[in-house]
Amino acid sequence: MIKAGIIGATGYAGGELVRLLTQHKEVEIKWYGSRSYIDKKYASVYGNMFEIVEDTCLDDNMEELAKQVDVIFTATPQGFCASVMNDEILDQVKIVDLSADYRIKDVSVYEKWYGIEHKSPQYIEEAVYGLCEINREDVKKARLVANPGCYTTCSILTAYPLVKEGLIDTATLIVDAKSGTSGAGRGAKLPNLYCEVNENIKAYGVASHRHTPEIEEQLGYAAGKEIMINFTPHLVPMNRGILVTEYATLTRKPDGSLPTYEEIKAVYDKYYKDEKFVRVLEKDVLPETKWVEGSNYVDVNFKIDERTGRIIMMGALDNVVKGAAGQAVQNMNLMFGLKESEGLELVPMFP
C-alpha cells in the first residue's frame, strides 16, 4: 500500500483528496494535516466522513511527515510548499503540490503575479507540470509535480490541439471562464458569502488573474513561441464546475479557405481519442458543467464561425476533481506506476 499524507486536508481540495483516496485500493492515508484543526477529529470537520475516517487532524510538519509516508499532497496556499521544501524531504518522498509554487518556470513571473518571494527556486526547473495528458512521461519519472490550476487545466486542454497544430492565430486567443464558488477556497471571505454570490455573476481579476501566465506558458510550449492572451474569469452561484469559452481566428489554408469541421475534429481526436478523461463531444453538443460534476472528466467541443473566420472552443470540468484533487491522484498514479485511472473512475453525478 502507498502511504499518503495530506497537508491542507480540511480545505475543499484537501477534502476531495480524502474522498478520492479513501476509495483508492492502493493507498492508505496516514496523515491528515490541518493547521486550523489540530487534534480535532477529521469527521467533525467534514461530517460526510463520519464512521469512514476516524483519525484526528495533525499539524503541517513536512519533515516529520516525509519520514512516515511515500507521497505528500500539499493542498495549501501559495508559498507554503516552497517555504518548507528541502533536499531531505525530496530524497525521502514524492510530492504533489496543488499550489502554484512550482508551476511557472520563470521565478520573476511567479513573484510578480503572486506578490510573494519564492523561497526555493532551486526546485522549479526539476518540478514537472502535472497535466497528465500532455506531460505523462515526465510525470512518471518525477519526484516533484506541480499540479495545474483549475482554470488552467480547462483552458489549456480546450485549446491545446489547435495551438499545437498551428490551426489558430494565438495572438487572437481570448479565454472567457466561469467558476463555481468552491474555486475560491473554504476560508471565510466577504465576497463569497451566500448573499454576495447568490443571484449574481461577476467578472474578477480582469487583465490581472494569476492563472494567466500559467496558461500562456503552457500553450507557449505547444506553439513553440511566446503567447499572450486575454483571460477573464467570472464567479457564478454554483458549488462546483468550470466552463471556458475560448475565441481565436482560424489559420486559413493556402487557398484562403477555412479548415472544415471534419478537419478540426480529426485534430482533437488525434490528441484525445485515447485519453480516458478528455471527452470530445459529438457535433453541436456543447459542454456543460452538470455533465462532469463529481468526476475527473473534461468535456470539450468547438464551433466554427464561418462568418468571422473564428473558432469558438469550449470546455467543462469539475474544478475540485480534475481541476485539483482528481488530477493530483492521477499524477500520483503515474508517479507510482499504477493504472492512471485508479480511484478516479467516477461517473459524473446528476442532478
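Residues numbered from 1 in each chain as written. Predicted model: local features only at pLDDT ≥ 70, side-chain atom pairs only at ≥ 80, totals over all residues. Heavy atoms only, no water.

Re the sheet that holds strand β1 (residues 2–7)
Overall, parallel pairing links the 6 strands, which are arranged β2-β1-β3-β4-β6-β5 in an open sheet. Looking at strand neighbours, the two that pair on one side only are β2 (27–33) and β5 (128–129), the edges of this open sheet. Summarising the sheet, β1 and β2 pair through 6 bridges and their orientation is parallel. Residue G5 lies in a different strand from β2, and its bridge partner there is W31. Helix-sheet contacts for helix α1 (residues 12–21) involve β1, β2 and β3 (71–74), and the interaxial angle to β1 is about 160 degrees. (Pairing = 2+ DSSP bridges. Helix = DSSP H or I, 4+ residues; strand = E, 2+ residues; numbered from the N terminus. Contact = heavy atoms within 4.5 Å. Axes fitted to C-alpha atoms, helices over the stretch in contact; angles between N-to-C directions.)

Re the packing of α1 against helix α12 (residues 321–335)
At a closest axis distance of 9 Å, the pairing of α1 and α12 adopts a crossing angle of 45 degrees. Viewed along their axes, α1 and α12 adopt a mutual orientation that is oblique. When you trace α1 past α12, the crossing you get is right-handed. Contact residues: α1 offers A13, E16, L17, R19, L20 and L21, while α12 offers V321, A324, A325, G326, A328, V329 and M332. The class makeup of the residues in the contact of α1 with α12 is 10 nonpolar, 1 polar and 2 charged. (Parallel < 35°, antiparallel > 145°, perpendicular 65-115°, else oblique. Left-handed = near helix turned anticlockwise from the far one by under 90°. Nonpolar A, V, L, I, M, F, W, Y, C, P; charged D, E, K, R; others polar.)

Notes on the sheet that holds strand β11 (residues 278–280)
Taken together, the 7 strands give an open sheet; going across it, the order is β8-β9-β7-β10-β13-β12-β11, and neighbouring strands pair in mixed fashion. Each end of this open sheet is capped by a strand with a single partner; those strands are β8 (202–203) and β11. Most of the contacts of helix α8 (residues 150–164) go to strand β13 (residues 310–317), to which it runs at about 140 degrees, and overall it touches β7 (168–179), β9 (230–235), β10 (242–250), β11, β12 (298–305) and β13.

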